[in-house]
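A structural walkthrough
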Amino acid sequence: MILTSMHNPVLVCISILIAIAASYTALDLASRVRASEGWLRQTWLCTAAIGMGGGIWAMHFVAMLAFSMPGMEVGYDVELTVASLLVAVLVTGIGFAVMSHARGAIAPLIAAGLFMGLGIVAMHYIGMSAMQTRATLRYDPVWLTLSVLIAIVAATAALWLASRESKSVVRLGAAVLMGTAIAGMHFAGMRAATFTMTAGAGMEHSDANATQAGLAVSVSGAAFLILALSLVAAMFDRRFALLAQREAEALRQSEERFRSLYKGTPLPLHALDRFGVIEHVSDAWLELMGYTRDEAIGRRFVDFLTEASASQFQRDWPELMRNGSAHAREYRGVTKSGALLELVSAARVERDGAGNFLYVVGGLTDVTARHQAEQALRQAQKLEAMGQLTGGIAHDFNNLLAVVLGNLELLRKRVPEDAKALRLLTSAYEGAERGAALTQRLLAFARRQDLRPEPVDVPALIRGMANLLQRSLGPRVKVDTQFSVGLPLARVDAHQLEMALLNLAVNARDAMPDGGYLDIAAFETVLAEGEIANLPAGLYVRLILTDTGEGMDPETLARATDPFFTTKGVGKGTGLGLSMVQGLAAQSGGSLVLRSAIGQGTCATLYLPTAERTARQKAEPVRREDAEATLPPMTILVVDDDPLVLANTAAMLEDLGAMVIPTASGSAALAELQCSAVDIVVADQLMPGMTGLELVEMIREERPEMPVLLVSGFADIDRDALKDIHVLAKPFTQEALARAVLLVKISTLNFPVQARSPTSLPHEPKA
């Protein structure tokens with residue numbers, strides 16, 4: 001006999017609610033699976049499997065308890081019931097595991113849905129087998145197939161929804177559909193079952209002690225409690241994850257702002273890891289070193305230093321890591337273009353609150369310009385010291401040459417007409433004059449030569465040197481000249497300009513061993529302010545010498561005017577030629593500019609200031625026969641601290657017919673003036689205790705009409721102090737001395753010097 005069945009509507013509703021709650025819980029927990037990693041991901045995966053599988057089983061079991069047949073008691077086999085629970089949890093867990101690894105792929109989800117659906121069907125029919133009744137059970141194949149299809153579709157849909165992000169409302173709607181489908185699968189399976197009572201069969205009682213309603217309530221309560229706890233745990237985890245996400249986002253934004261500020265800072269900054277590898281650099285750092293960001297990040301900092309500086313940095317690194325900071329250290333960096341930079345680097349180790357290493361932040365300061373300025377200053381100081389030494393030596397040498405030249409001139413007057421003796425004297429005299437010329441070169445280097453600037457017709461001067469230039473250059477060098485019409489006169493020392501041109505021409509010849517061309521040109525040019533360094537705006541004569549020689553590389557060109565620097569062989573050059581030319585140009589108010597390149601020759605340009613158009617005509621030189629005439633009777637007070645020079649000057653003046661009073665110091669000269677009648681004073685400039693200028697000042701305070709001739713070995717004298725004072729440069733000839741004495745005497749008679757504030761002249765007691 002086929003038994004009729006019925007369902008408790010309350011328990012049916014409870015079972016459907018369990019299915020919906022289990023579906024919602026599974027979808028919610030699936031979102032935690034996607035958001036987690038590692039062991040936490042596995043924990044949430046197990047929780048979702050228990051929630052979904054256990055919920056489906058609870059729905060199934062409560063729905064089974066809602067089933068009843070009048071006149072028939074139903075019991076349940078505990079082992080099969082537990083087995084159905086385990087099957088539900090296991091297949092659900094496997095389905096969710098496949099879903100989590102599929103990352104939204106369709107094929108794995110379909111396979112997992114098929115497996116999970118069949119597993120749920122198996123759970124259902126294992127649960128049906130657990131029923132203990134006095135009836136036989138058979139299934140309608142149509143409804144059985146329908147229940148299997150519903151289970152597979154519901155499982156696949158559940159896994160697909162679990163793999164997608166969704167809002168709570170969407171999740172709730174999906175849970176209602178899934179729960180209804182799962183319940184529909186169960187009741188479709190129950191509809192497929194047909195129970196037929198077995199006559200005379202004994203009733204088997206199950207081990208359950210509770211009634212069906214009480215058991216249903218207990219299972220339902222346990223299921224809802226487990227699902228609620230799972231949802232609460234998911235809620236707290238989501239809240240914590242949200243807080244962590246907000247903190248991470250805030251940290252990310254802070255780091256992004258830091259990186260933006262770090263990159264945009266005008267300072268060359270870098271961040272290194274514990275191994276000295278670059279992690280971050282600022283834009284200023286990249287601009288300084290010439291690299292792109294991709295080329296710099298990931299490389300060691302020492303890769304941007306020279307080998308010596310890299311070794312020094314590696315020695316400094318342990319101290320930095322140990323102390324946490326390092327004071328400014330100097331390293332030499334190498335840019336992408338290969339240029340060397342002098343860098344000062346300071347660094348500090350950054351750590352977190354727990355003291356763990358984060359990174360090393362460091363900064364670079366480019367001090368290349370400062371180093372170059374310091375080197376230039378040291379070089380200038382060396383040149384200044386060398387110039388002072390050279391000037392002092394030249395001064396002493398001038399004194400010696402004055403003695404030699406003076407005595408040779410006096411001796412030549414007293415030697416009989418002996419041709420051989422005169423030749424010897426002439427050779428000695430010419431040698432002394434060559435020594436004087438060398439002294440002038442040394443003084444030009446020291447910028448202390450006594451220049452006599454005057455209006456000079458540059459084209460005429462060069463034409464007058466034509467034969468000398470051609471002999472100096474040789475037959476293999478061709479000279480071409482070009483001068484602009486109406487070229488103004490240049491204000492320069494003509495003799496020194498000749499020497500400068502000869503030096504430049506000889507340098508050009510040496511740069512053309514196989515011959516070539518030397519072009520000499522002169523033009524008028526107007527310079528703007530700042531066009532040529534250290535030259536004011538104005539009108540200049542531009543004198544250009546261009547050769548077709550080998551040329552110079554930038555390093556040689558930079559040192560070309562350095563004193564004693566030469567590229568010629570030993571004994572072939574002194575290294576003073578270009579420095580003398582530069583000294584002449586600078587002291588004349590002009591400049592020397594050199595341009596050269598390897599294989600393109602050299603161009604030397606002299607800028608010389610122009611003379612005033614209304615410059616007075618140069619005085620006619622005194623004829624030799626007039627210069628050799630004896631001086632008129634006069635008494636001359638000669639002052640010089642060098643006994644040889646003093647004796648030589650006195651002898652030359654006495655030979656000219658003058659009466660001489662020699663004194664060895666300024667104080668002795670002042671004392672002599674108090675007790676002797678003196679017509680003129682000839683004083684050396686450089687004397688210990690009292691210089692020649694100081695002596696002149698003291699003489700003019702009491703005797704302003706007294707003529708004074710100042711003698712100097714070099715022009716290291718205040719030009720303002722030299723006005724109204726005649727100066728004779730050492731070494732001098734007897735002829736030049738006579739002309740100077742006469743000029744001073746005549747000038748004083750025609751233009752008496754005005755007395756200054758009357759003060760008493762200090763006297764020294766005579767010994």
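Quick notes on the rules
- Residues numbered from 1 in each chain as written.
- Predicted model: local features only at pLDDT ≥ 70, side-chain atom pairs only at ≥ 80, totals over all residues.
- Heavy atoms only, no water.
- UniProt positions renumbered as here; feature names shortened; annotations may be inferred.
- Salt bridge = Lys/Arg side-chain N within 4 Å of Asp/Glu carboxyl O.
- Pairing = 2+ DSSP bridges.
- Helix = DSSP H or I, 4+ residues; strand = E, 2+ residues; numbered from the N terminus.
- Axes fitted to C-alpha atoms, helices over the stretch in contact; angles between N-to-C directions.
- Contact = heavy atoms within 4.5 Å.
- Phe/Tyr/Trp six-rings, centres within 6.5 Å; stacked < 30°, edge-to-face > 60°.
- Buried < 20%, exposed > 50% of the residue type's maximum accessible area, 1.4 Å probe, protein only.
- Expected span 1.5 Å × (residues − 1).
- Right-handed = clockwise from strand over helix to strand, strands pointing away.
- Parallel < 35°, antiparallel > 145°, perpendicular 65-115°, else oblique.
- Left-handed = near helix turned anticlockwise from the far one by under 90°.
- Nonpolar A, V, L, I, M, F, W, Y, C, P; charged D, E, K, R; others polar.
- Bend = angle between axes of the 7 residues up to and from the residue.
- Polar contact = N/O pair within 3.5 Å; in protein donor to acceptor, adjacent residues only side chain to side chain.
- pLDDT = per-residue confidence, 0-100.
- Patch = residues over 30% accessible without salt bridge, like charges linked within 9 Å, V, L, I, M, F, W, Y side chains within 5 Å.
- Areas by Shrake-Rupley, 256 points an atom, 1.4 Å probe, with all protein chains shown as cover.
- Core = buried A, V, L, I, M, F, W, Y, C linked by side-chain atoms within 4.5 Å.

- Per an unreviewed UniProt entry, the chain goes by the name histidine kinase and belongs to Sphingomonas kyeonggiensis.
- According to the UniProt record, the Catalytic activity (unreviewed entry) comment for the chain is "ATP + protein L-histidine = ADP + protein N-phospho-L-histidine."

1. Quick word on the pattern of salt bridges
- For the coordinates displayed, the defined rule picks out 13 salt bridges.
- Asp 510 is paired through a salt bridge with Arg 509; the nearest N and O atoms lie 3.1 Å apart.
- One salt-bridge network, held together by shared partners, links Asp 316, Glu 319 and Arg 329.

2. Digging into the sheet that holds strand β16 (residues 538–547)
- The five strands lie next to each other as β13-β15-β16-β18-β17, forming an open sheet whose pairing is mixed. Since the sheet does not close on itself, it has two edges, and those belong to β13 (477–483) and β17 (591–596), each with one partner. Between one strand axis and the next, the sheet turns by 20° as a mean value, whatever way the strands run.
- Of the strands in this sheet, β13 and β15 (516–527) are in contact with helix α14 (residues 466–473), which crosses β13 at around 150°.
- Strands in contact with helix α15 (residues 494–510) are β13, β15, β16 and β18 (602–609); relative to β16, the strand with the most contacts, it is inclined by about 30°.

3. Some remarks on the sheet that holds strand β9 (residues 325–334)
- If you trace the five strands from one edge of the open sheet to the other, you get β8-β7-β11-β10-β9, paired in antiparallel fashion. Strands with a single pairing partner mark the edges of an open sheet, and in this sheet they are β8 (278–281) and β9. Neighbour to neighbour, the strand axes of the sheet diverge by 30° on average, direction disregarded.
- As defined by bridge partners, strand β10 (residues 340–351) adjoins strand β11 (residues 357–366) across nine bridges and the pair is classed as antiparallel. Residue pairing in the sheet places Glu 350 in a bridge with Tyr 359 of β11.
- With respect to the sheet, helix α10 (residues 307–323) is in contact with β7 (269–272), β9, β10 and β11, its orientation differing from that of β9 by roughly 160°.

4. Some points on the packing of aromatic side chains
- As enumerated under the stated definition, the model contains five aromatic pairs in all.
- Measuring from centroid to centroid gives 5.7 Å for Phe 313 and Trp 317, while their planes differ by 40°, and the two rings are tilted. With Phe 313 and Trp 317 both in helix α10 and four residues apart, the pair spans about one turn of that helix.
- Note on Trp 317: relative accessible area 14%, which makes it buried.
- On the numbers, 5.7 Å between centres and 70° between planes, the contact of Phe 313 with Tyr 331 is edge-to-face. In this pair, Phe 313 is assigned in helix α10 and Tyr 331 in strand β9, connecting sequence segments 18 residues apart.

5. Some words on helix α2 (residues 38–66)
- Taking 1.5 Å of rise per residue, the 29 residues of α2 would be expected to cover 42 Å, and the 42 Å separating its terminal C-alpha atoms lies within 8% of that figure.
- Buried residues dominate α2, accounting for 21 of its 29 residues.

6. Looking at the pairing of strand β20 (residues 659–663)
- Where strand β19 (residues 635–639) and β20 come together, five bridges link them in parallel fashion. Residue pairing in the sheet places Ile 636 in a bridge with Val 660 of β20.
- Regarding the hand of the β-α-β motif, the stretch spanning β19, helix α19 (residues 643–655) and β20 is right-handed.

7. Side note on unusual backbone geometry
- For the bond from Lys 730 to Pro 731, the omega torsion is -10°, close enough to zero to count as cis.
- Along the chain, Pro 731 falls in the loop between β23 (726–729) and α22 (734–750).

8. Brief notes about the packing of helix α20 (residues 666–675) against helix α21 (residues 692–702)
- Where α20 meets α21, the closest approach of the two axes is 10 Å, and the angle between their N-to-C directions is 20°. When the axes of α20 and α21 are compared, the pair comes out roughly parallel. As for the relative orientation of α20 and α21, their crossing is right-handed in sense. Across the interface between the two elements, Gly 666, Ala 669, Leu 670, Leu 673 and Gln 674 from α20 touch Leu 695, Met 698, Ile 699 and Glu 702 from α21.
- Residue classes in the contact of α20 with α21 are distributed as six nonpolar, two polar and one charged.

9. Describing the packing of α14 against α15
- Two numbers describe how α14 lies on α15: the axes approach to 9 Å, and their chain directions differ by 30°. Between α14 and α15, the angle is such that the two are roughly parallel. At the point where α14 passes α15, the crossing takes the right-handed sense. Along the contact surface, α14 presents Leu 468, Leu 469, Ser 472 and Leu 473, while α15 presents Leu 501, Leu 502, Ala 505, Val 506 and Arg 509.
- Looking at side-chain class alone, the contact of α14 with α15 contains seven nonpolar, one polar and one charged residues.

10. Quick notes on α10
- The end-to-end C-alpha separation of α10 is 25 Å, in line with the 24 Å expected for 17 residues at 1.5 Å each.
- At Asp 316, α10 shows its strongest bend, of approximately 30°, with the proline Pro 318 following within four residues.
- If you check which residues of α10 are buried, you get Ser 309, Ala 310, Phe 313, Asp 316, Trp 317 and Leu 320.
- In this fold, the buried residues of α10 make contact with β7, β9, β10 and β11.

11. Looking at the environment of Met 190
- Looking at the secondary structure, you find Met 190 in helix α6 (residues 168–192).
- Taking the C-alpha atoms as reference points, Met 190 and Met 128, separated by 62 residues in sequence, lie 8.7 Å from one another.

12. Describing the environment of Asn 323
- Here Asn 323 lies in helix α10.
- Sequence-wise, Asn 323 and Arg 348 are 25 residues apart; in three dimensions their C-alpha atoms are separated by 9.0 Å.

13. Quick word on the environment of Pro 513
- Relative to the assigned elements, Pro 513 resides in the loop between α15 and β15.
- Here Pro 513 falls in the partly exposed class, since its relative accessible area comes to 49%.
- Along the sequence, Pro 513 and Gly 549 sit 36 residues apart, while their C-alpha atoms lie 8.1 Å from each other.
- Every residue in contact with Pro 513, bar those within four places of it in the chain, is listed here: Arg 476 and Glu 550.

14. Quick notes on the side chain of Asp 640
- Within the secondary structure, Asp 640 is located in the loop between β19 and α19.
- Within the local environment of Asp 640, its side chain forms a polar contact with the backbone nitrogen of Asp 642, the two atoms lying 2.9 Å apart.
- Apart from the residues within four sequence positions on either side, Asp 640 is in contact with Val 645, Leu 646, Thr 663, Ala 664, Asp 684, Met 687 and Lys 730.

15. Some points on the confidence of the model for the chain
- Overall, the predicted model of the chain reaches an average pLDDT of 78, with 81% of residues at or above 70.
- Across the chain, the secondary-structure element scoring lowest on mean pLDDT is helix α18 (residues 624–627), at 40, and the one scoring highest is β20, at 94.
- Under a pLDDT of 50 for its full length, residues 201–210 has, in the predicted model, 13 contacts with residues more than four places off or in other chains.
- Note that pLDDT drops below 50 for residues 750–767; the model gives that stretch 19 contacts with residues more than four away or on any other chain.

16. A closer look at a nonpolar patch on the surface
- Together, Val 232, Met 235, Phe 236, Phe 240 and Leu 243 line one region of the surface with nonpolar side chains, adding up to about 470 Å² of accessible area.
- With respect to the element layout, Met 235 can be found in helix α7 (residues 212–264).

17. Here's the deal with the nonpolar core
- Counting 46 residues, the largest nonpolar core has Met 52, Trp 57, Phe 96, Met 128, Leu 159 and Ile 182 as its most contacted members.
- Within the residue set of this core, elements represented by two or more residues are α1 (9–35), α2, α3 (78–102), α4 (106–129), α5 (141–162), α6 and α7.
- In terms of residue count, α2 provides more of this core than any other element does, eleven residues in total.
- In this structure, Val 477, Met 552, Val 581 and Leu 592 belong to the second largest nonpolar core, which totals 39 residues.

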